[in-house]
Amino acid sequence: MEEKKFCQKCGAEILKDAEICPQCGCRQADANSVNGVNTRWLTTLLLCIFIGAFGAHRFYVGKTNTAVAMLLVSLLLGWTGVGFLVTGIWALVDLVQIICGNFTDANNQKIAMK
């Protein structure tokens, strides 16, 4: 059975994961949201942009196996240029998926802007 919470507007008891109150129709504020932007999405995006070649964004969302693979390729082959080329392209593909809202975490939950 799911935990309950209360609507921020009318106080009605609603499901913990409810986005909209069934009683009054009020959208509930997300704990991971600031001014309508999902902070988890923003953090993932910024990690991918700045240190994506090292797999930081994948570590953040719990995809540790592929994150370790990116890190090892970058560290072991980076000095040749090939490592950063491979992980750079990989991070670029991830960046496009993050921006489009198709990037998922380790639990296969999409990380979207809103």
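Our subject is the structure that appears above.
This text gives an overview of the structure that appears in the document. (Residues numbered from 1 in each chain as written. Predicted model: local features only at pLDDT ≥ 70, side-chain atom pairs only at ≥ 80, totals over all residues. Heavy atoms only, no water.)

Considerations on the overall build of the protein chain
Counted only if it meets this: Counting from the N terminus, the helices are DSSP H or I runs at least four residues long and the strands are E runs at least two residues long. For the exposure calls, accessible area comes from a 1.4 Å probe over protein chains only, and a residue counts as buried if that area is under 20% of its type's maximum, exposed if over 50%, partly exposed in between. Whether two residues are in contact is decided by their heavy atoms, any of which lying within 4.5 Å being enough. Values of accessible area rely on a 1.4 Å probe in the Shrake-Rupley scheme; residue burial ignores everything except the protein chains shown.
Along the backbone of the protein chain there are four helices and four strands. When the helices and strands of the protein chain are listed from N to C terminus, the series reads β-β-β-β-α-α-α-α. Counting across all 114 residues of the protein chain, residues that qualify as buried make up 30%. Put simply, of all contacts in the protein chain between residues at least 6 apart along the chain, 31% involve residues at least 24 apart. When the accessible surface of the protein chain is split by element, carbon and sulfur atoms take 61% of a total near 7500 Å².

Notes on the packing of helix H3 (residues 64-77) against helix H4 (residues 82-100)
For clarity, the cut-off: Helix axes use the C-alpha atoms of the stretch in contact, all axes being lines fitted to C-alpha atoms, and the angles between their N-to-C directions lie in the range 0 to 180 degrees. Every angle not falling under 35 degrees, over 145, or within 65 to 115 is termed oblique; those three ranges are roughly parallel, roughly antiparallel and roughly perpendicular. A crossing counts as left-handed when the near helix is turned anticlockwise from the far one by less than a right angle, and as right-handed when that turn is clockwise.
Contact pair H3 / H4: the axes reach a minimum separation of 7 Å and the direction vectors enclose 150 degrees. Classified by the angle their axes make, H3 and H4 are roughly antiparallel. Where H3 crosses over H4, the handedness of that crossing is left-handed. Residue-level inspection shows Thr66, Ala69, Met70, Val73, Ser74 and Leu77 of H3 in contact with H4, the latter providing Val82, Gly83, Phe84, Val86, Thr87, Trp90 and Ala91.

Overview of the packing of aromatic side chains
Which entries qualify depends on this criterion: Classification of ring pairs rests on two measures: the distance between centres of Phe, Tyr or Trp rings, Trp counted by its six-membered ring, which must be within 6.5 Å, and the angle between planes, read as stacked under 30 degrees, edge-to-face over 60 and tilted in between. The criterion is that NZ of a Lys, or CZ of an Arg, lies within 6 Å of the ring centre and within 35 degrees of the ring normal, and then a charge sits over that ring.
Applying the stated rule across the entire model yields one aromatic pair. Ring centres of Phe54 and Phe84 lie 5.8 Å apart, and the angle between their planes is 80 degrees; on these two criteria the pair is classed as edge-to-face. With a gap of 30 residues between them, Phe54 in the loop between helix H1 (39-51) and helix H2 (56-60) and Phe84 in helix H4 connect regions that are remote in the sequence. Note on Phe54: relative accessible area 30%, which makes it partly exposed. A residue is classified by how much of its surface remains accessible, and Phe84, at 37% relative accessible area, is partly exposed. Above the face of the Phe103 ring, Lys63 is positioned so that its terminal group lies 4.5 Å from the ring centre.

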